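Coordinates in review
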Amino acid sequence: MGTIFRRRATAATPTLDRYDIAHLAGGARRVAETALVGLRGRGVITVLGPRVRAAQSTGGPVGEGANHPVEQALVALCPWSRSVASVLTDVARGAETAEIERRLVAYGLRTRYRHRLTHAGRQSLETAAREGTLPAYVFEGPAAVPDRRLSRVISEAELLSGLGKSLIRLGKALDSDHDSGHDADTHSGSGHSCGGGGGGSD
């Protein structure tokens, strides 16, 4: 089965592939998840527990069968075993996925500043869903992945990613509070010193 889905282009609607549709459905993260599931299904990568790596070649080059730039980027990230969570995060943040978003904005399917779906973007997504040529997980995410073990691995990776972002935000908030408190203590100490000096001269 081919890995690239393409809608028929019209004067008003550009040609979209499965990764364009995945981005419309769930953003950059969905693009990375779609690539992981598709590559694993074609045997281009192996997923063992929470780890992923490019499959061992049997004569052809490593990553043979990765046809889309996003797929090629994912394979390039894991010549050796890496965590699914880190690979998905890197693909979602990668240049290849950013290019998809840029193109969708240029097509008028996402807004230019906050990158939300436009009316045309929603229509394109609905049309792709009605055509029924793409796997359900492209639209619905990990919950629709047929392999329940893989579904659970991707969902857990998403939770880890969310936890990591929360911890980073918490760390920044604590640093900010610490800096503010330090500044307040410094100013408070200076005021006390001046007051103490005045009292001594009396």
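Turning our eyes to something else, we now look at the pattern of salt bridges. Any two side chains of opposite charge can pair if their charged atoms end up close together. Scanning the model with the defined rule gives 7 salt bridges in all. A salt bridge links Glu33 to Arg29; the nearest nitrogen and oxygen atoms lie 3.5 Å apart. You can see Glu33 and its partner Arg29 sitting in helix 1 (residues 18-41), 4 residues apart, about one turn around the helix. Given the relative accessible area of 15%, Arg29 is considered buried. Between Arg30 and Glu33 there is a salt bridge, with its nearest N and O atoms 3.5 Å apart. A residue pair is termed a helical-turn pair when its members lie 3 or 4 positions apart in one helix, as Arg30 and Glu33 do in helix 1 at 3 residues. For Arg30, a relative accessible area of 13% puts it in the buried group. One connected set of salt bridges, linked through shared partners, spans Arg29, Arg30 and Glu33.

Moving on to the nonpolar core. Counting residues in each nonpolar core, the largest one holds 41 residues, and the members touching the most others are Ile21, Leu36, Ile45, Val47, Val52, Leu74 and Val84. For this core, the leading source of residues is helix 1, giving 10 residues. Once residues within four sequence positions are removed from consideration, Val47 is found in contact with Leu36, Arg40, Val52, Val84, Leu150 and Val153.

The next subject is the confidence of the model for the protein chain. Looking at the protein chain as a whole, its pLDDT mean stands at 82, while 71% of the residues score no less than 70. Highest mean pLDDT in the protein chain belongs to helix 6 (residues 136-140) (98); lowest belongs to helix 7 (residues 148-201) (61). Within the model, pLDDT remains below 50 along residues 1-11, and this stretch shows 26 contacts once partners closer than five positions in the same chain are excluded. Note on residues 189-202: pLDDT under 50 across the span, and 0 contacts to partners over four residues away in sequence or across chains.

The terminal C-alpha atoms of helix 1, which comprises 24 residues, lie only 15 Å apart, well short of the 34 Å expected from a rise of 1.5 Å per residue. The largest bend in helix 1 comes to about 135°, at Gly26. Of all 24 residues in helix 1, 19 are buried; the element is thus mostly enclosed. The distance from a side-chain oxygen at the start of helix 1 to the backbone nitrogen of Tyr19 is 2.9 Å, and the residue carrying that oxygen is Asp17.

Glancing now at the pairing of strand 1 (residues 45-48). Residues Ile45 and Val47 of strand 1 are buried on one face, while the alternating residues Thr46 and Leu48, pointing to the opposite face, are not. When strand 1 meets strand 2 (residues 51-54), the two strands line up antiparallel, connected through 4 bridges. Directly across from Val47, in strand 2, lies its bridge partner Val52.

Examined against the element boundaries, Glu71 turns out to sit in helix 2 (residues 69-77). Counting along the chain gives 36 residues from Glu71 to Ala35, while the straight-line C-alpha distance between them is 5.6 Å.

Here strand 2 shows a clear split, with Val52 and Ala54 buried on one side and none of Arg51 and Arg53 buried on the other. Where strand 1 hands over to strand 2, the hairpin turn is made up of 2 residues, of which Gly49 adopts a positive phi near 60°. In the sheet, strand 2 pairs with strand 3 (residues 82-83) via 2 bridges, with the strands oriented antiparallel. Within strand 3, the residue paired with Val52 across the bridge is Arg82.

What counts and how
- Residues numbered from 1 in each chain as written.
- Predicted model: local features only at pLDDT ≥ 70, side-chain atom pairs only at ≥ 80, totals over all residues.
- Heavy atoms only, no water.
- Salt bridge = Lys/Arg side-chain N within 4 Å of Asp/Glu carboxyl O.
- Helix = DSSP H or I, 4+ residues; strand = E, 2+ residues; numbered from the N terminus.
- Buried < 20%, exposed > 50% of the residue type's maximum accessible area, 1.4 Å probe, protein only.
- Core = buried A, V, L, I, M, F, W, Y, C linked by side-chain atoms within 4.5 Å.
- Contact = heavy atoms within 4.5 Å.
- pLDDT = per-residue confidence, 0-100.
- Expected span 1.5 Å × (residues − 1).
- Bend = angle between axes of the 7 residues up to and from the residue.
- Polar contact = N/O pair within 3.5 Å; in protein donor to acceptor, adjacent residues only side chain to side chain.
- Pairing = 2+ DSSP bridges.

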